[in-house]
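Take a look at the letters that make up each chain.
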Amino acid sequence: MNIPRTELPRVVVIGGGFAGLNLVKKLKKLPIQLVMLNKHNYHTFQPLLYQVSTSGIEPDSIVYPLRMFIKRQQNFYFRLADVEHINPKTQTITADIGDLHYDYVIINTGTRTNFFGNHEIQKYAMPMKTIPQALNLRSLILQNFEKSTIAITEEDKKFLLNFVIVGAGPTGVELAGAIAEFKHNVLPLDFPDLDPELMQIHILEGAPRVLPPMSEKSSEKSADALRALGVDIHTNTIVTDYDGEVVKTKDGKTFKTRTVIWSAGVIGNLIEGFPEDCYNPRNKRYYVDEYNKVKGFENVFALGDIAQMNCEDYPNGHPQVAQPAIQQAMNLSKNFPKILNGKNNLKPFKYVDKGSMATIGRNKAVADIGKLKLSGFFAWLVWMFIHLMALVGFRNRLVVFLNWVYNYANFNKASRLIIRRFSVSERKVRTDAEL
Ligand SMILES: Cc1cc2nc3c(=O)[nH]c(=O)nc-3n(C[C@H](O)[C@H](O)[C@H](O)COP(=O)(O)OP(=O)(O)OC[C@H]3O[C@@H](n4cnc5c(N)ncnc54)[C@H](O)[C@@H]3O)c2cc1C
């Protein structure tokens, strides 16, 4: 990888998501050779991906170039690399660009969409975990509208204008709300020759209610808000098949649609090479101790979504959201000087739950903050403020804020652009999109 060997210990950070980014910001000052490997040259702010998919904001405003963190810093190297394998015996990382020896390695590779082994669904449903995937979805939604203008029969139009979202967690709920707003605000303006009533939005959830990780009150409020926007909610509904035309469920329902958006679960981006007892085979998360050390290793760490730290409060690991990733990175960065000096008095990780929230479109959001359950306009303002502040980079905050103001004032979604056509049948596009 063309990185010189120096006398400094080499610390390799794999993944530039919430955990990796916050970690390198803190480790930069230590007497180490710091190397970051990531398969994109940018950090992605995943919570706003759904707004990219639904033409609300441009992709550039939710990503941040990882090389911006180097800023003339000696001993800090970034390499655009897809890590394939780690050999813990020889302490070697193998990536598509070559091999690298490490003294310490910190794995922050996050998760990818989990299709639960159903290859047919994986082939045809749309995931939304990365910028390329969000752009594919944006193209597909807009192409459907364009195609429906030339479709002859009402049945064909309905097929193109029927959107099925699988999974009613925060991502599914936010997407459903944003697509419903498209129907009400954009379709009548841009496509006056299309009857908006032909467009349907279904959200399918295996649990008995939407937003299962949130409180019942927030769940009810968000279900009411979705229904008010015309979204059809199907709970206790498990999808068993999708062949590109018809969605089938376990209880015998069928939905004819060209567009299925899959937000029903994630699985760890595990890197090969570790013994099998180091990770959970079901969700592919590394088992880590309270200092984020991977089971059985002193110089291998895992943080964020890819780490499973079983503890009393979280017997199955912490929730796979941004805060555990950020907080684990902070804790490890504080412990790292001690680790380098061989000291044992490390601080164990303790998660501080700052709450969870979801927005269901204009003026509507729900938030569970401790015992406080917020909903409606105030929760929406809180949601916007927190997401703006969490975005990386002042430019991104400003651009997203201006976009939101513009969209709010005009009931509009400014980025209705098909930059690159998407075809579900073109396998090559799908492979690229998975990157
Ligand atoms: C659509 C969506 C909406 C979300 N909304 C919210 C929300 O509102 N609030 C919230 O708290 N959380 C939300 N989350 C979850 C949150 O984004 C994750 O919990 C968080 O990103 C986890 O951080 P991480 O650093 O562990 O992983 P990630 O942020 O996923 O970062 C992993 C990084 O590793 C890189 N990588 C992966 N494999 C390799 C490899 N083999 N080689 C090199 N690099 C690799 C990836 O490119 C990526 O940069 C959302 C997630 C999604 C997908």
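Cut-offs used in this document
Residues numbered from 1 in each chain as written. Predicted model: local features only at pLDDT ≥ 70, side-chain atom pairs only at ≥ 80, totals over all residues. Pairing = 2+ DSSP bridges. Helix = DSSP H or I, 4+ residues; strand = E, 2+ residues; numbered from the N terminus. Axes fitted to C-alpha atoms, helices over the stretch in contact; angles between N-to-C directions. pLDDT = per-residue confidence, 0-100. Contact = placed C-beta atoms within 7 Å. Near = placed C-beta within 6 Å. Domains from an automatic or database assignment.

Further remarks concern the sheet that holds strand β7 (residues 92-95). With respect to topology, three strands assemble into an open sheet ordered β6-β7-β8, the strand pairing being antiparallel. With partners counted over all chains shown, the strands left at the sheet margins are β6 (83-87) and β8 (98-101), one partner each. Across this sheet, the average inter-strand angle for adjacent strands is 20°, counted without regard to direction. As defined by bridge partners, β6 adjoins β7 across four bridges and the pair is classed as antiparallel. In the sheet register, asparagine 87 faces β7, and the bridge partner there is threonine 92.

The predicted model of the chain has a mean per-residue pLDDT of 93, with 97% of residues at 70 or higher. Long-range and interchain partners of residues 427-435, a stretch whose pLDDT sits below 50, account for eight contacts in this model, where long-range means more than four residues apart.

Lining the immediate surroundings of the ligand are 34 residues, of which Gly15, Gly17, Gly110, Gly304 and Val321 lie closest. Within the residue set of the shell around the ligand, elements represented by two or more residues are α1 (18-27), β2 (33-38), α2 (49-53), α6 (170-190) and α8 (322-340). Counting the residues that make up the shell around the ligand, at least three belong to each of domain 1 (10-39 + 81-113 + 267-340) and domain 2 (119-264 + 418-433).

Adjacent strands of a sheet form backbone hydrogen bonds with each other and so pair up, either parallel or antiparallel. Here five strands make up an open sheet; going across it, the order is β5-β2-β1-β9-β21 and the pairing parallel. Taken across any chain shown, the strands that pair with only one partner, and hence form the sheet edges, are β5 (76-80) and β21 (300-302). This sheet shows a mean twist of 15° between the axes of neighbouring strands, independent of strand direction. When strand β1 (residues 10-14) meets β2, the two strands line up parallel, connected through five bridges. In the sheet register, isoleucine 14 faces β2, and the bridge partner there is leucine 37.

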